[in-house]
Amino acid sequence: MWASLGLFTVWAKLFITISLSFAFFCIVSVFRVRGKKPPPVTDKMSHSSDQHPEAQTLGVGKAIAVLTSGGDAQGMNAAVRAVVRVGIYTGAKVYFVHEGYQGLVDGGDNIRVATWESVSMMLQLGGTVIGSARCQDFRAREGRLKAACNLVKKGITNLCVIGGDGSLTGADTFRAEWSGLLADLLKAGRITSEEAKASSYLNIVGMVGSIDNDFCGTDMTIGTDSALHRIMEIVDAITTTAQSHQRTFVLEVMGRHCGYLALVTALACGADWVFIPESPPEVEWEEHLCRRLLETRGRGSRLNIIIVAEGAIDLQGNPITSEDVKNLVVKRLGYDTRVTVLGHVQRGGTPSAFDRILGSRMGVEAVMALLEATPDTPACVVSLSGNHAIRLPLMECVQVTKDVTKAMTEKRFVDAVNLRGRSFQNNWNVYKVLAHLHPPSTKSGHTLAILNVGAPAAGMNAAVRAAVRIGMINGHRMLAVQDGFDGLAKGKIEEIGWSGVGGWVGQGGSRLGTKRVLPKKYFEEISKNISDHNIQGLIIIGGFEAFSGGLEMIEGRSRYEELCIPLVVIPATVSNNVPGSDFSIGADTALNTISNTCDRIKQSAAGTKRRVFIIETMGGYCGYLATMAGLSAGADAAYIYEDPFTIHDLQGNVEHLTEKMKTTVKRGLVLRNEKCNDNYTTDFIFNLYSEEGKGIFDCRKNVLGHMQQGGTPTPFDRNFGTKMGAKAITWITGKIKECSRHGRIFANTSDSACLLGMRKRSMVFQPLTELRDQTDFEHRLPKEQWWLKLVPILKILAKYNISLDTSEKAQMEHIKQKRASVESHI
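The structure reproduced in this document is the subject of the present report. Treat the numbers as computed from the prediction; the structure is a model and nothing was measured.

What to know about the overall build of the protein
Now for step 1: The secondary structure content of the protein amounts to 27 helices and 27 strands.
Now for step 2: The C-alpha atoms of the protein give 29 Å as radius of gyration, which agrees with the globular expectation for 826 residues (28 Å, within 12%).
Now for step 3: Each of the three principal axes of the protein carries a C-alpha extent, and together these read 95 × 85 × 50 Å.
Now for step 4: Within the protein, buried positions represent 60% of all 826 residues.
Now for step 5: Look at the contacts in the protein between residues 6 or more apart in sequence, and 80% of them connect residues 24 or more apart.
Now for step 6: In the protein, which carries 93 positive and 83 negative side-chain charges, the distance between the mean positions of the two groups comes to 3 Å.

In structure tokens:
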């Protein structure tokens, strides 16, 4: 009998193999039907080209020049690449201007036609490939006259300038003088009347490239996030040696007029002190600093970190240097103290995923702004507000930027901080609370518990640290729950103090431990433990399970009175799939991990030639990681659940790659979200591409797996987690007071159980019950996701012939209106 069964098994396996092979052959044969062209790859998220045909013809007959000026910044190349490719997509002729304004003045070979292939492999490069230079010639009218002549001769009437406020101011001056320059050139016979008529006006659009983040009007400038990456890599390395020898390190970072890098670095590494030019220390700061260092050592810490911005000053405007600080610490405390001046290393290296995506998005918007402009449109700068690209009048932003410097010169330091904007103020206020306030001697009498739920995500520990310390500063007793709701049910609860979360801000994973267990089955045990430990508020940090668990806790309130306590959910998941928030803690770290891996893979593909890599990313049904990594890595395609695809789309992708192999760019990169399609698996797509690419290209596949959940958190995730943790405690403290009656806490309203999320331009608390209707529970997704609007950009930059929806044009805003809008929501 067993022999017969074994024979049957062999025949069964053979039958299945033959059937699968035949099915695969049938699918592949679809690609080989001669005389039948596949339908073009289109974007399901866009309107059809019949509705908005102007996008692909908007630039016909027009010419655009792009230049980078001033100091270089990582991400400039991504912006240049986007300007070139989107410009070509619209039908415009695009030119590089090499060596910034100097190249514009010198002309000749410095102004060259850009092609699609000429910007290939630029995304991952730091600095600026087309060069930048300080130009004295352009400051004089004669220099601008030469520059104008060079542009007129090539028919260029649209100029995209990527640089700092000085570079953008120069561009605005150039535009204001344009008519006069043309008249002088015509009078001198250097241009013809026909040329003057064809170039009657000049459009200017700016993008801010500066690692200092010193330009008012945008939340982030191109290069800032990458500079923070370089700084944090060094700080993390220094931290280990400082702990080994009980040393104090003084780190000097860039920021001559702006303390943003120093401030965010201090938040992201838990520094003991930070010096920034916008807010000098108090009169007797030397005593306060030494007292602070002594207290830190007294709590058992083996290191001290002090961050100094290069432009730091005291209240009298005198410089405070890193050497000054070192000498003070050595003289007063006798600590082994070292100085590290980071210098230009902050400008170097590969741009972060954030800067690549920011540069790409800004580049797309810059081209649209140029081609939609009229002679009456003021020169604008493309800015980032929350997660939206907006346009602001260039000189309004320049003026406010100058107002900050003026306020510091006049020693109006409160005004200087306020002029920097709400984000800067929030960072400064959170840092001051964490670094300079101490737990009060009188306690509030309230007990709060913190737990992590779901899969680990880098930045969770930063949120826990901030919540614990801000909670203690508010006088609360703070409890740490191990292993999520499972630990809450099993009583894995212990008090955690100030030193208990020391050093957590830069650590990946979850120090508390996290599980996917939901609370519904354990309500009785959870209720008992909440009562036994007198827990009066709950902070739940995690992914979709944290959101679902919060909803279950609300459902349990009708049966268990102990669950009637305020609770807040902080989204933390690499998948970025929690409803109610545009961003989740941990997603930025995962995105950078994927981007860095794709860089190495592309390098391998470029070396071997004619090779296509298929990369599978995490995210469940959410395509955020695949899409954003596709943008940051320059992928040819990204397969995601939210943008359904068919065998015909796969056919179009293969043909696209086949054509690409005929160019100088003989490589391909395709990303696939892990649950984008049940049938078109990573193996299936790999086999299909391998079969169709025979003789043209070969294929390799990589499943990145859990490496996307690992690693140390990026500066963004550290900062984001810290601010989310701090804001959650402030909210829950107020909610406990609101729900307190005769010494008892009873919270049973919908607004007593909220999710804290980043929505567009602000952090907001939203009742979990209201978010239920915005959720696709089957696929664990929000019903609306802002980043889906970026899918067409990925395809256009990969040279697919699709339509770009231009029905929602970014309108020109004003910086004061923008500020009022932001401040009313924060």
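With respect to the sheet that holds strand β3 (residues 111-113)
Backbone-to-backbone hydrogen bonds pair the strands of a sheet. The strands run either parallel or antiparallel.
Now for step 1: Taken in spatial order, the seven strands line up as β3-β2-β1-β4-β5-β10-β11 in an open sheet, and their pairing is mixed. Both edges of this open sheet fall to β3 and β11 (388-393), since each of them pairs with a single strand only. Pairwise comparison of adjacent strand axes, ignoring direction, gives a mean angle of 30 degrees for this sheet.
Now for step 2: Sheet topology note: the strand β1 (residues 63-68)/strand β2 (residues 93-97) ladder contains five bridges and is parallel. Counterpart to alanine 65 in the pairing with β2 is tyrosine 95.

Structural notes on the packing of helix α10 (residues 285-298) against helix α11 (residues 322-333)
Geometry of a packed helix pair, given as the angle between the helix axes and the separation of the axes.
Now for step 1: At their nearest, the axes of α10 and α11 sit 11 Å apart, and the two run at 65 degrees to each other. Judged on the interaxial angle alone, α11 and α10 are roughly perpendicular. Between α10 and α11 the crossing geometry is right-handed. Facing α10, whose interface residues are Trp285, Glu286, Glu287, Leu289, Cys290, Leu293 and Leu294, α11 presents Val325, Leu328, Val329, Arg332 and Leu333.

Examining the packing of aromatic side chains
One pair of aromatic rings is described through two measures. These are the centre distance and the angle between the planes.
Now for step 1: One pass over the structure, following the stated rule, counts 20 aromatic pairs.
Now for step 2: A network of ring pairs unites the aromatic residues Phe354, Phe583, Phe716, Phe720 and Trp786 as a single cluster.
Now for step 3: Of note, arginine 297 hangs over the ring of tyrosine 335, and the distance from its end group to the ring centre comes to 4.2 Å.

Description of the nonpolar core
Now for step 1: One finds Met207, Ile307 and Tyr689 to be the most contacted residues of the largest nonpolar core, which totals 176 residues.
Now for step 2: Counting residues in hydrophobic clusters, the runner-up holds 40 residues, among them Leu202, Phe215, Leu394 and Val398.

Concerning helix α24 (residues 715-738)
Now for step 1: Along its 24 residues, α24 runs 35 Å from first to last C-alpha, staying within 8% of the 34 Å computed at 1.5 Å per residue.
Now for step 2: Most of α24 sits out of view: 18 of its 24 residues are buried.

Cut-offs applied
- Residues numbered from 1 in each chain as written.
- Predicted model: local features only at pLDDT ≥ 70, side-chain atom pairs only at ≥ 80, totals over all residues.
- Heavy atoms only, no water.
- Helix = DSSP H or I, 4+ residues; strand = E, 2+ residues; numbered from the N terminus.
- Rg over C-alpha atoms; globule rule 2.2 N^0.38 Å.
- Buried < 20%, exposed > 50% of the residue type's maximum accessible area, 1.4 Å probe, protein only.
- Contact = heavy atoms within 4.5 Å.
- Lys, Arg positive; Asp, Glu negative; His and termini not counted.
- Charge placed at Lys NZ, Arg CZ, Asp CG, Glu CD.
- Pairing = 2+ DSSP bridges.
- Axes fitted to C-alpha atoms, helices over the stretch in contact; angles between N-to-C directions.
- Parallel < 35°, antiparallel > 145°, perpendicular 65-115°, else oblique.
- Left-handed = near helix turned anticlockwise from the far one by under 90°.
- Phe/Tyr/Trp six-rings, centres within 6.5 Å; stacked < 30°, edge-to-face > 60°.
- Lys NZ or Arg CZ within 6 Å of the ring centre and 35° of its normal.
- Core = buried A, V, L, I, M, F, W, Y, C linked by side-chain atoms within 4.5 Å.
- Expected span 1.5 Å × (residues − 1).

Read these as spatial facts, not as claims about activity.
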